[in-house]
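Inside the fold
Spelled out, the chains give:
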Protein chains: 2
Amino acid sequence: MKELLREYARLSVKSGVNVQKGQMVVINSPAECVELTRLIVEEAYLAGAGDVRVNFTDDIISHHKYQYQTVEKLMEFPNWMIDKYQEIVDNKAALIEISAPTPGLMKDIDPKKMQQVQIASMQKIKFFRTYQMSDECQWNIVAMPTHAWASAVFPDLSKEEAYTKLLEAILSACRVQEGKSSVEAWDAHMDTLASHNQIMNEYNFRSLHFTNSLGTDLTVGLVKDHIWAGGAEYTGKGVRFSPNIPTEEMFTMPHRLEVEGTVYSSKPLNYSGNLIKDFMLRFEKGKVVEFHAAEAEEALRSLVEFDEGSCYLGEVALVPYDSPISNSGILFLNTLFDENASCHLALGRCYPMNIQGALSMSEEELLSKGGNQSMTHVDFMFGTSDMKVVGITQEGQEIVVMENGNFVI
Amino acid sequence: MKELLREYARLSVKSGVNVQKGQMVVINSPAECVELTRLIVEEAYLAGAGDVRVNFTDDIISHHKYQYQTVEKLMEFPNWMIDKYQEIVDNKAALIEISAPTPGLMKDIDPKKMQQVQIASMQKIKFFRTYQMSDECQWNIVAMPTHAWASAVFPDLSKEEAYTKLLEAILSACRVQEGKSSVEAWDAHMDTLASHNQIMNEYNFRSLHFTNSLGTDLTVGLVKDHIWAGGAEYTGKGVRFSPNIPTEEMFTMPHRLEVEGTVYSSKPLNYSGNLIKDFMLRFEKGKVVEFHAAEAEEALRSLVEFDEGSCYLGEVALVPYDSPISNSGILFLNTLFDENASCHLALGRCYPMNIQGALSMSEEELLSKGGNQSMTHVDFMFGTSDMKVVGITQEGQEIVVMENGNFVI
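Reference entry: report on the structure contained in this document.

How each quantity is defined
- Residues numbered from 1 in each chain as written.
- Chains lettered and ligands numbered in written order.
- Predicted model: local features only at pLDDT ≥ 70, side-chain atom pairs only at ≥ 80, totals over all residues.
- Heavy atoms only, no water.
- Helix = DSSP H or I, 4+ residues; strand = E, 2+ residues; numbered from the N terminus.
- Rg over C-alpha atoms; globule rule 2.2 N^0.38 Å.
- Buried < 20%, exposed > 50% of the residue type's maximum accessible area, 1.4 Å probe, protein only.
- Contact = heavy atoms within 4.5 Å.
- Areas by Shrake-Rupley, 256 points an atom, 1.4 Å probe, with all protein chains shown as cover.
- Lys, Arg positive; Asp, Glu negative; His and termini not counted.
- Charge placed at Lys NZ, Arg CZ, Asp CG, Glu CD.
- Phe/Tyr/Trp six-rings, centres within 6.5 Å; stacked < 30°, edge-to-face > 60°.
- Lys NZ or Arg CZ within 6 Å of the ring centre and 35° of its normal.
- Disulfide = S-S within 2.5 Å.
- Patch = residues over 30% accessible without salt bridge, like charges linked within 9 Å, V, L, I, M, F, W, Y side chains within 5 Å.
- Salt bridge = Lys/Arg side-chain N within 4 Å of Asp/Glu carboxyl O.
- Pairing = 2+ DSSP bridges.
- Axes fitted to C-alpha atoms, helices over the stretch in contact; angles between N-to-C directions.
- Buried area = accessible area lost by both parts, 1.4 Å probe.
- Expected span 1.5 Å × (residues − 1).
- Least-squares fit on C-alpha atoms with pLDDT ≥ 70 in both.
- Polar contact = N/O pair within 3.5 Å; in protein donor to acceptor, adjacent residues only side chain to side chain.

**Observations regarding the overall build of chain A**
- Within chain A, the secondary structure is distributed over 14 helices and 19 strands.
- A compact globule built from 409 residues should have a C-alpha radius of gyration of about 22 Å, and chain A, at 20 Å, falls within 12% of that.
- Dimensions of chain A, computed from the C-alpha atoms along their principal axes, are close to 55 × 50 × 50 Å.
- Of all 409 residues assigned to chain A, the portion counted as buried reaches 59%.
- Pairs at least 24 residues apart make up 75% of the contacts formed inside chain A by residues separated by at least 6 positions.
- Surface exposure of chain A reaches about 16300 Å², of which carbon and sulfur atoms provide 48%.
- Once the 35 positive and 56 negative side-chain charges of chain A are each reduced to a mean point, those two points are 4 Å apart.

In structure tokens, the structure reads:
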């Protein structure tokens, strides 16, 4: 297992952020994932990193903070912390995040309290979010089990069995296999995704129409000059990197004001530690005008009402129902995986990479072209085995893109 | 075991730092010790802490940094980090450190490289060291096993057995027992140490003469108006706290220029990740003029030559050979424990608390009274089962303080 973990670390360093000679690398990791973090640190140095910094976090300690601290205390954001983020931007550091959120951990915390605190901190380091979202740097998210996460995914197994099974499922989804180069396997997969993007870009659809038996009947307008992306990306300087490992999705930019109809979730959404289940959203002129959830509706409300832009879409993504993650049959309770088992949408900020000429656009210009602005960006799943997706061309022609959840185009 | 760990966390929070209503608490913890850290965080909030901050570290990642980074890169100390320490001082935060160093981990790293880096960082945050050493704040060190440490202490046991055995030994040494209040047991122990200090303070010896069969023959002059301390301490504002858990020692301030003779170590010294074994030091007029070690002599050299003051003594401490830690028969390879199994000395900085009137003294005054100055402070053990300690009074009278390693006074 140690050797597979090292392969996984190498995948994050080489295909993930593709660390450049002398570059600073910043790793955010749960304290519980220290074993993988050590391997990533060493692989980063071996790949030529000049300085590797690690920030360890812990969900349970965060929960204690929310539980016991006043909102005023939680909203304090010392200047040195801003400077710490500024240093990352100034050094054009590569960012690696090890993702291992604990599903449902925050369910006893007032979502409004969490929202206030998150908005306060996001405002302080907006420059840092911009740095990451606009691909000035290479960044990568990989996952690693914690005991709490593993036991939430496999509640009937023992602590150790659940951990091992989740780790095996993660490695398999990331194409890390014994006796093979995970970097080569991953890079081949990236090439496949790139060719899919090319086909969709050539069609240049005006909108997509989604229908399935859950009741979803949604038309998503796409911005003019949109770009389908997914898989590997490139920094402004042309360095290839893979933001998400694993990833199976291709995604583009919806027009924030041209979304009409109703969408039903097909998987629970783990938002701020709350598991939102069986929810629907109804859109008019792009805006969420109605929503319901069978569980944790207040958390859904805090997302929709997070800020002015969080009630509009920022991303639409297609994933074949036959993706490896979907076929594993495991509900990972983690967006990094579950979003790759299903077509999904995101409320909140758009990705500038999904429109031509974004680099030279101001935020106002992007907004005027239909690209959504928000301080948040949260994916939710709505793909099903009977999903039908029809593309409408600029000339009004209808082309079936997906049938029964899979590409037919 | 979970309940014992919570008792241990409570001990650190209540008897250790004795956290005050609304106070900031800063915890430094190895990432591997996250389970104990979570409990300490929660107990600190329950005790009224206003804000608990955690800095997780990892020895193996530190080793990677020393292995792969240039000394110039390692010596960089960004301003935000200085500001972070300044914030702790400004808030008069209580400090908790979880100690779990890995013995011998740094043995392949050039001690000179480590020394350069340590001096550079110590110079940047000297104000912080002053804050802690002069008892402006409550601080506390407790220990927790890591797998690497446990396996070094019990190399013949399995990984899990070694971990459990070390944890049990630590809890036992700290008087944490099932069904009893660890805080009450600890506070009673502190009262006993306080009464021992009182006896030694009343004798007001001019010097101590140590002899044993290892060859030690050392006279340690004590500064005028020295104070024997050990166990609980008090901040300037009168808040009682226990810096070291466990502790069995009583200690005072040697006169930096009045140490004569030779001392032989009785236990290995784990310094900067190197295990220095079977070493001797010869003093003339307080200064180390000769030293040898059977193993890791270069590490010993880097300690003695660390700075101008590291070749003089800053602490002399008496520990009965019959202390609970000594009786456990375990060599913990960690100063926090091993120093409490044996009489010891420290090279480097003195503790201002060990002399009357220190609060109103400048560094120059303290130095002129014989109190040593240095950026380092490193304990080493020289007590044995046949140690004899004779106190010489101001009038030249000889009083036997210890015989066969135990107090007879």
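Having seen the model, we can carry on.
**So, the packing of aromatic side chains**
- Scanning the model with the defined rule gives 19 aromatic pairs over all chains in all.
- With 5.0 Å between their ring centres and 70° between their planes, Phe210(B) and Phe382(B) make a pair best called edge-to-face. Of this pair, Phe210(B) sits in strand β5 (residues 207-211) while Phe382(B) sits in the loop between β16 (377-381) and β17 (388-392), placing them 172 residues apart in sequence.
- Arg256(A) extends its terminal NZ or CZ atom over the ring of Tyr312(A), reaching a point 4.3 Å from the ring centre.

**Remarks on the state of the cysteines**
- As enumerated under the stated definition, the model contains zero disulfides over all chains in all.
- Here Cys311(A) is not disulfide-linked; the sulfur of Cys350(A) is the nearest cysteine sulfur, at 14 Å.
- With no disulfide of its own, Cys33(B) lies 13 Å from the sulfur of Cys174(B), the closest cysteine sulfur.
- We classify Cys33(B) as buried; its relative accessible area is 2%.

**Observations concerning a nonpolar patch on the surface**
Residues and elements named next belong to chain A.
- A contiguous nonpolar patch, built from Ile199, Tyr203 and Ile409 and spanning about 240 Å² of accessible area, is present on the exposed surface.
- Among the structural elements, Ile199 can be located in helix α10 (residues 182-203).
- By relative accessible area, which is 39% here, Ile199 ends up partly exposed.

**Brief notes about the pairing of strand β14 (residues 313-318) of chain B**
Residues and elements named next belong to chain B.
- Taking burial as the measure, the six residues of β14 include six buried ones, the bulk of the element.
- In this structure, strand β9 (residues 250-252) lies alongside β14, joined through three bridges in antiparallel fashion. For Phe251, the partnering residue across the bridge sits in β14 and is Ala317.
- Bridge count between β14 and strand β15 (residues 344-348): four bridges; the pairing is antiparallel. Within β15, the position partnered with Glu315 by the bridge is Ala346.

**Some remarks on the sheet that holds strand β2 (residues 51-57) of chain B**
All names here are of chain B.
- Taking strand neighbours across the sheet as the criterion, the four strands line up as β2-β1-β3-β4 in an open arrangement whose pairing is parallel. Each edge of the open sheet is held by one strand with a lone partner, namely β2 and β4 (139-143). Between one strand axis and the next, the sheet turns through 15° on average, direction left out of account.
- Strand direction decides the pairing type here: strand β3 (residues 94-99) and β4, joined by five bridges, are parallel.

**A word on the interface of chain A and chain B**
- In this assembly, 30 residues from chain A lie in contact with 29 residues from chain B.
- Between chain A and chain B, the buried area comes to about 2900 Å², and carbon and sulfur atoms account for 63% of it.
- Taken as a group, Arg38(A), Tyr68(A) and Trp80(A) account for 24% of the area that chain A buries against chain B, more than any other trio of residues on that side.
- On inspection of chain A and its partner chain B, the count reaches six salt bridges.
- Arg38(B) is the partner of Asp58(A) in a salt bridge, and the nearest nitrogen-oxygen pair spans 2.7 Å.

**A word on helix α5 (residues 79-90) of chain B**
Residue and element names in this part refer to chain B.
- Compared with an ideal rise of 1.5 Å per residue, which puts twelve residues at 16 Å, α5 spans 16 Å between its outermost C-alpha atoms and is within 8% of the ideal.
- Along α5, the residues that are buried comprise Trp80, Ile82, Lys84, Glu87, Ile88 and Val89.
- Immediately beyond the C-terminal end of α5, within one or two residues, lies Lys92, with a positive phi of roughly 50°.

**Observations concerning the relation of the copies chain A and chain B**
- Turning chain A through 180° and shifting it by 0.0 Å along the axis lays it on chain B, with an RMSD of 0.0 Å. The relationship between the two copies is best expressed as a two-fold rotation axis.
- An overlap of 97% is found between the interface residues of chain A and their copies at the interface of chain B, pointing to a shared contact surface.

**Description of unusual backbone geometry**
- Pro246(A) follows Ile245(A) through a cis peptide bond whose omega is 5°.
- On the secondary structure map, Pro246(A) appears in the loop between β8 (240-241) and β9 (250-252).
- Residues other than glycine seldom take positive phi values, yet Asn18(B) does so here, at roughly 50°.
- Tracing the backbone shows Asn18(B) in the loop between α1 (2-16) and β1 (24-30).
- Residue classification places Asn18(B) among the partly exposed residues on the basis of a relative accessible area of 25%.

**As for the environment of Ala93(B)**
All names here are of chain B.
- Structurally, Ala93 can be placed in the loop between α5 and β3.
- Separated by 290 residues in the primary sequence, Ala93 and Gly383 place their C-alpha atoms 35 Å from one another.
- Not counting chain neighbours up to four residues away, the residues in contact with Ala93 comprise Gln23, Met24, Val26, Ile88, Tyr131, Cys137 and Gln138.

**Some thoughts on the pattern of salt bridges**
- Under the criterion given, the structure shown has 38 salt bridges over all chains.
- Linking Arg53(B) and Glu87(B) is a salt bridge whose minimum nitrogen-to-oxygen distance equals 2.7 Å. Placement of the pair is Arg53(B) in strand β2 and Glu87(B) in helix α5, with a sequence separation of 34 residues. Pair check on accessibility: Arg53(B) and Glu87(B) agree, each one buried.
- Residues participating in the shared-partner salt-bridge network are Arg6(A), Glu7(A), Arg10(A), Glu42(A) and Glu43(A).

**Quick notes on α1(B)**
Residues and elements named next belong to chain B.
- End to end, α1 covers 19 Å across 15 residues, agreeing with the expected 21 Å (1.5 Å per residue, within 8%).
- Counting buried positions over the 15 residues of α1 gives eleven, a clear majority of the element.
- Those residues of α1 not exposed but buried are Leu4, Leu5, Arg6, Glu7, Tyr8, Ala9, Leu11, Ser12, Val13, Ser15 and Gly16.
- Contacts made by the buried residues of α1 are with α2 (34-46), β3, β4, α9 (159-173), α10 (182-203) and β8 (240-241).
- Just downstream of α1 lies Asn18, where phi reads positive at about 50°.

**Considerations on the side chain of Ser342(B)**
Residues and elements named next belong to chain B.
- As for its placement among the helices and strands, Ser342 is situated in the loop between α13 (335-338) and β15.
- For Ser342, the side chain forms a polar contact with the main-chain nitrogen of Gly383, separated by 2.8 Å.
- Not counting residues up to four positions away in its chain, the partners in contact with Ser342 are Ser266, Val319, Met381, Phe382 and Gly383.

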